[in-house]
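Chain residues, written in single-letter form:
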Amino acid sequence: QVQLVESGGGLVQAGGSLRLSCAASGRTFSSYDMGWFRQAPGKERELVTAISRSGGSTYYADYVKGRFTISRDNAKNTVYLQMNSPKPEDTAVYYCVAGLFNSNRLQFVGDNSWGQGTQVTVSS
């Protein structure tokens, strides 16, 4: 497994921008699909976005499509989530995940690694 550490969370105004980073340890980062989940208080954890090992394929949940962008730098063992025009309903703890993304089922399957999460709060 790989160890993941998220950073970049904080307070942002609606309509602003914020970039989250997730740094991975180990030399096998490029062998993992990566993704971001989020969990708001009282709600289940939900998939926000995913990116393939090479970065050539991405998936976005409808509620962030056109506003958020996932990217990765395999040389730096880091995946990013650029959040543009965030809304108050985007407020949540954001988690980074490394594993295998099933693009047909739109799920991370098998034994995945998770970060500890970073809080994002969007003020109106």
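Keep in mind that what you see is a predicted model, and the values were worked out from it rather than measured. (Residues numbered from 1 in each chain as written. Predicted model: local features only at pLDDT ≥ 70, side-chain atom pairs only at ≥ 80, totals over all residues. Heavy atoms only, no water.)

All right, on to the pairing of strand 4 (residues 33–39) then. Consecutive residues of a regular strand have side chains that alternate between opposite faces of the sheet. The element strand 4 is largely enclosed, with a buried count of six among its seven residues. Pairing of strand 4 with strand 9 (residues 92–102), which is carried by seven bridges, proceeds in the antiparallel orientation. Pairing of D33 across the sheet is with G99, part of strand 9. As judged from the five bridges shared by strand 4 and strand 5 (residues 46–51), these two strands associate in the antiparallel manner. Note on strand 5: the bridge partner recorded for M34 is I51. Turn length for the strand 4-strand 5 hairpin, with the two strands adjacent in sequence and antiparallel, is six residues, and the turn residue G42 shows positive phi of about 80 degrees. (Buried < 20%, exposed > 50% of the residue type's maximum accessible area, 1.4 Å probe, protein only. Helix = DSSP H or I, 4+ residues; strand = E, 2+ residues; numbered from the N terminus. Pairing = 2+ DSSP bridges.)

What follows covers the state of the cysteines. Tallying each qualifying case throughout the model produces one disulfide. The disulfide bridge from C22 ends at C96, spanning 2.1 Å between sulfur atoms. The sign of the -85 degrees torsion about the S-S bond sets the C22-C96 disulfide as left-handed. Here C22, found in strand 3 (residues 17–24), pairs with C96, found in strand 9; they are 74 residues apart in sequence, far enough to count as distant. (Disulfide = S-S within 2.5 Å.)

Turning our attention to the packing of aromatic side chains. Throughout the structure, instances matching the rule amount to four aromatic pairs. Note on F101 and F108: the rings are 5.1 Å apart at their centroids and 50 degrees apart in plane angle, and the pair reads as tilted. Comparing F101 with F108 shows no difference in burial state: the two are buried. Here the aromatic residues F37, Y59, F101, F108 and W114 are joined through ring pairs into a cluster of three or more. In this structure, R45 packs its charged tip against the face of Y95, placed 3.8 Å from the ring centre. Sitting over the ring of F29, R72 keeps its end group 4.5 Å from the ring centre. (Phe/Tyr/Trp six-rings, centres within 6.5 Å; stacked < 30°, edge-to-face > 60°. Lys NZ or Arg CZ within 6 Å of the ring centre and 35° of its normal.)

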